[in-house]
Amino acid sequence: MLVWLTIACLLLQFIDGRRCVISFHWRRPLRNTKTIIGNCTRIVAVIVSTSLLCSFTLNLNTVGSWSHNWAQALGDSPTLWDAAGDASLNGPTINFLRLANPKTMTKPSDYSQATMQEIAQRYNKIAEKTNQSRSNNLTDNTMIMILSESFSDPTRVPGITLSEDPMPDIRALKNTTTSGLMLSPGYGGGTANIEYQALTGWDLALFDNSMQVPYQQLVPHQKVTETFNQLWNDRYGASGSIAFHPYYKNMYLRDIDYKKFGFSHFYTLDSNPPITHHDGLDNSPYASDAEAYQNVVDELQNSNHPQFIQLATMQNHPPYSDWYSDNQFKDADTTNLPADEKTGVDTYIKGVSITDQATTDFLNQLDAIDQPITVIFYGDHLPGVYTTARASSKNTITMQETDYFIWSNEASASAGTKLDPAAAATSYTSPNYFMAMASDHMNTKVSAYIAFLSAMRAEIPRHGATHAWCQRRHRQYTNCLFRRERQRCKQERTVLTAEEATQRLSSYSIRHDCWEKLSQQHKVLRREVNRQATPQNWLSA
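One structure accompanies this document, and this report is about it. Just so it is clear, the model here is predicted, and its values are computed rather than measured.

As a further point, take the overall build of the chain. Helix and strand content of the chain: 21 helices and eight strands. Summarising the internal contacts of the chain: among those between residues at least 6 apart in sequence, 75% fall at separations of at least 24. Within the structure as shown, the chain displays about 25,000 Å² of accessible surface, and the carbon and sulfur contribution to it stands at 54%.

This part takes up the pairing of strand S7 (residues 401-408). Most of S7 sits inside the fold, with eight of its eight residues counted as buried. Here S7 shows two buried faces, one formed by Glu 401, Asp 403, Phe 405 and Trp 407 and the other by Thr 402, Tyr 404, Ile 406 and Ser 408. Alignment of strand S2 (residues 178-183) against S7, held across six bridges, turns out to be antiparallel. Directly across from Ser 179, in S7, lies its bridge partner Phe 405. Judged from the five bridges that link them, strand S6 (residues 373-379) and S7 form a sheet pairing that is antiparallel. Across the sheet, Ile 376 pairs through a bridge with Ile 406, a residue of S7.

Attention now goes to the sheet that holds S2. Taken in spatial order, the eight strands line up as S4-S3-S5-S1-S6-S7-S2-S8 in an open sheet, and their pairing is mixed. The open sheet has two edge strands with one neighbour each: strand S4 (266-267) and strand S8 (428-429). Running at roughly 165° to strand S5 (residues 308-312), helix H12 (residues 289-302) makes contact with strand S1 (142-148), strand S3 (241-244), S5 and S6 of the sheet. Where helix H17 (residues 434-442) meets the sheet, it contacts S1, S2, S5, S6, S7 and S8, and its direction lies at approximately 35° from that of S7.

Turning our eyes to something else, we now look at the side chain of Gln 197. Mapped onto the elements, Gln 197 comes out in helix H8 (residues 191-200). Once residues within four sequence positions are removed from consideration, Gln 197 is found in contact with Pro 185, Trp 202, Asp 203, Leu 204, Pro 431 and Asn 432.

Before going further, it helps to examine the packing of aromatic side chains. Applying the stated criterion across every chain, the model contains 24 aromatic pairs. Between Tyr 378 and Phe 434, the aromatic rings sit 5.0 Å apart at their centres with planes inclined by 40°, giving tilted as the arrangement. Here Tyr 378 is found in strand S6, whereas its partner Phe 434 is found in helix H17, with 56 residues between them in sequence. Note on accessibility: Tyr 378 and Phe 434 belong to one class, buried. Taken together, the aromatic side chains of Tyr 196, Trp 202, Phe 207, Tyr 215, Trp 232, Tyr 258, Phe 261, Phe 263, Phe 266 and Phe 308 make up a single cluster linked through ring pairs. A cation over an aromatic ring shows up here: Arg 390 above the ring of Tyr 187, its NZ or CZ 4.3 Å from the ring centre.

The subject of this paragraph is unusual backbone geometry. In this model, Asn 272 is joined to Pro 273 through a cis peptide bond whose omega is 5°. Residue placement: Pro 273 occurs in the loop between S4 and H12. Of note, Leu 253 is a non-glycine position whose phi angle comes to about 60°, a positive value. Summarising the element assignment, Leu 253 is placed in the loop between S3 and helix H11 (254-261). A relative accessible area of 18% means that Leu 253 is categorised as buried.

What follows covers H8. Most of H8 is tucked away: ten of the ten residues are buried. Of all the residues in H8, the buried ones are Thr 191, Ala 192, Asn 193, Ile 194, Glu 195, Tyr 196, Gln 197, Ala 198, Leu 199 and Thr 200. Positive phi appears at Gly 201, one or two residues downstream of H8, with a value of about 85°.

In this section: helix H6 (residues 113-131). The terminal C-alpha atoms of H6, which comprises 19 residues, lie 26 Å apart, in line with the 27 Å expected from a rise of 1.5 Å per residue. For H6, the full list of buried residues reads Met 116, Ile 119, Ala 120, Tyr 123, Ala 127 and Asn 131. For H6, the angular spread of buried residues about the axis comes to 105°, placing them on one side. Residues of H6 that are exposed and point more than 90 degrees away from the buried face comprise Ala 114, Gln 121, Lys 125, Glu 128 and Lys 129.

Here we take up the pattern of salt bridges. Tallied over the entire structure, the rule returns eleven salt bridges. With a shortest N-O distance of 3.1 Å, Asp 440 and Arg 134 are connected by a salt bridge. Here Arg 134 lies in the loop between H6 and S1 and Asp 440 lies in helix H17, a separation of 306 residues in the sequence. Given the relative accessible area of 22%, Asp 440 is considered partly exposed. Note that Asp 440 and Arg 457 form a salt bridge whose closest N and O atoms lie 3.4 Å from each other. Highlighted residues: Asp 440 in helix H17 and Arg 457 in helix H18 (residues 448-459), separated in sequence by 17 residues. Taking the relative accessible area as the measure of exposure, Arg 457 reaches 6% and is therefore buried. Sharing partners across several salt bridges, the network here consists of Arg 134, Asp 440 and Arg 457.

This paragraph deals with a nonpolar patch on the surface. Together, Val 44, Val 48, Leu 52 and Trp 66 line one region of the surface with nonpolar side chains, adding up to about 360 Å² of accessible area. No other element matches the three residues that helix H2 (residues 33-59) contributes to the nonpolar patch. On the secondary structure map, Val 48 appears in helix H2. With relative accessibility at 41%, the residue Val 48 sits in the partly exposed group.

On to the side chain of Arg 254. As for its placement among the helices and strands, Arg 254 is situated in helix H11. Classification of Arg 254 as buried rests on a relative accessible area of 3%. The contacts of Arg 254, once residues within four sequence positions are left out, are Thr 191, Glu 195, Tyr 215, His 245, Lys 249, Phe 266 and Ala 312.

Turning our attention to the environment of Leu 337. Residue position: Leu 337 is located in the loop between helix H13 (329-332) and helix H14 (339-367). Here Leu 337 falls in the buried class, since its relative accessible area comes to 14%. In this structure the C-alpha to C-alpha distance between Leu 337 and Gly 159, which are 178 residues apart in sequence, comes to 9.0 Å. If we ignore the near neighbours within four places in the chain, the residues touching Leu 337 are Ile 160, Lys 342, Val 345 and Thr 388.

Bringing the pairing of S1 into the picture now. S1 sits mainly inside the fold: seven of its seven residues count as buried. Here S1 shows two buried faces, one formed by Thr 142, Ile 144, Ile 146 and Ser 148 and the other by Met 143, Met 145 and Leu 147. When S1 meets S6, the two strands line up parallel, connected through seven bridges. Bridge pairing in S6 links Thr 142 to Ile 373. Taken together, the five bridges between S1 and S5 define a ladder with parallel strand orientation. Looking across to S5, one finds that Met 143 is bridged to Phe 308.

Conventions and cut-offs
Residues numbered from 1 in each chain as written. Predicted model: local features only at pLDDT ≥ 70, side-chain atom pairs only at ≥ 80, totals over all residues. Heavy atoms only, no water. Helix = DSSP H or I, 4+ residues; strand = E, 2+ residues; numbered from the N terminus. Contact = heavy atoms within 4.5 Å. Areas by Shrake-Rupley, 256 points an atom, 1.4 Å probe, with all protein chains shown as cover. Buried < 20%, exposed > 50% of the residue type's maximum accessible area, 1.4 Å probe, protein only. Pairing = 2+ DSSP bridges. Axes fitted to C-alpha atoms, helices over the stretch in contact; angles between N-to-C directions. Phe/Tyr/Trp six-rings, centres within 6.5 Å; stacked < 30°, edge-to-face > 60°. Lys NZ or Arg CZ within 6 Å of the ring centre and 35° of its normal. Expected span 1.5 Å × (residues − 1). Arc of directions from axis to C-beta. Salt bridge = Lys/Arg side-chain N within 4 Å of Asp/Glu carboxyl O. Patch = residues over 30% accessible without salt bridge, like charges linked within 9 Å, V, L, I, M, F, W, Y side chains within 5 Å.

This is how it looks when you write it as structure tokens:
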């Protein structure tokens, strides 16, 4: 289409030349009818062109808009998890426009300062009532929030059969501490979205569909972003919270966002100073979980007060290229899968087994520390290697379920606590509820905001993906990949068979977010969640 538009413009320029096919005269605009018509035509053309340009710019990131659909038809393939990659693939201008003007959410009709104050006062009263029976504060304890990259139980995946349990220790631990399944909005990717929900308490189901990655589209534009680690900052100063990630700091713009979140340091491979422990296992290019955990242990030994510590691991990040030298799961996996898929699955399962042992060792080290520590551990999403299981629509929800647990060490008052799954609704949850669940697990005082999250969790224990919604988003994503492959074929001057196209598509990690269609009851609560943003004292109230 752009080629034909360029040709049309060149032809019009050639036809016009200096003969003024469309007459124009700025000194004597009313000298004759032809000039008047020509002037009006050019003015209209300027207005229409400017309007179209402004409309395209403002609506490019709005799903379903004409500019979004047109850009997609021309081959635009957003990769918002990597701003540099998106600029390289789709052009820096499109990348800039995509991040510059996202649509966040629809403003509720009854949104006002008075309404916000009424809601804040209501949940302040609920928090005060809850706190009457609780004596400890959240910030009396060190809180370690661990996002374990792609961690989930492989034995739950339909069609996967193993003769050896890859995660016996964590499975046993889940029977003795608060734990369950987390419904993830992502499959094969979207790590920052889950992390955002866990750190802020916001559920992405509340945002417009155009808000695909808040770390890149929302947080950089906010004057204030309130996160749970700031509770520790308020009590202990700048050293109240710290973050570790054994990879590069600019992924998802974490380096910019974490500064806004108030982390005193963000240690990565390219930070100054860099993260201390980051060696991989065998041929893996990523830091092992044992190395990642050691950074946390070192920090605990050097700290003289409780902290909030954020850790995002990398060991089980895709791709999975048979990099472990001693992988017993090549034989333990008796599943009948295509060779390429089986290699990826077996490599991933070995990684889960390594995580299981490393996590056990880490918790044992925390037990030996004489200060109260609570750990929130969760897998962000399933790996994008289960091509066969993913192909069945019956497995949609299963492929969104990961494992989580909340555990306290021996020095904690909540050591050995396991909330009743039925009474506390812990069997299934969403990442935005983790801090509210930790408050219940630790029996600590709550803020008005955490009281609100607890009330919402009682009504809606988990947010996630219905089958129909996921299928629709999956079709959109697949169509995007087909367009990308079509462009590649044009460049390579090749033609793919249906089988070759399917193979190429299956090589991509599925990076889409599937949000649940909200029920009427959910929509009532949604109006209150949408109003969370204004009272800056709500989080710490």
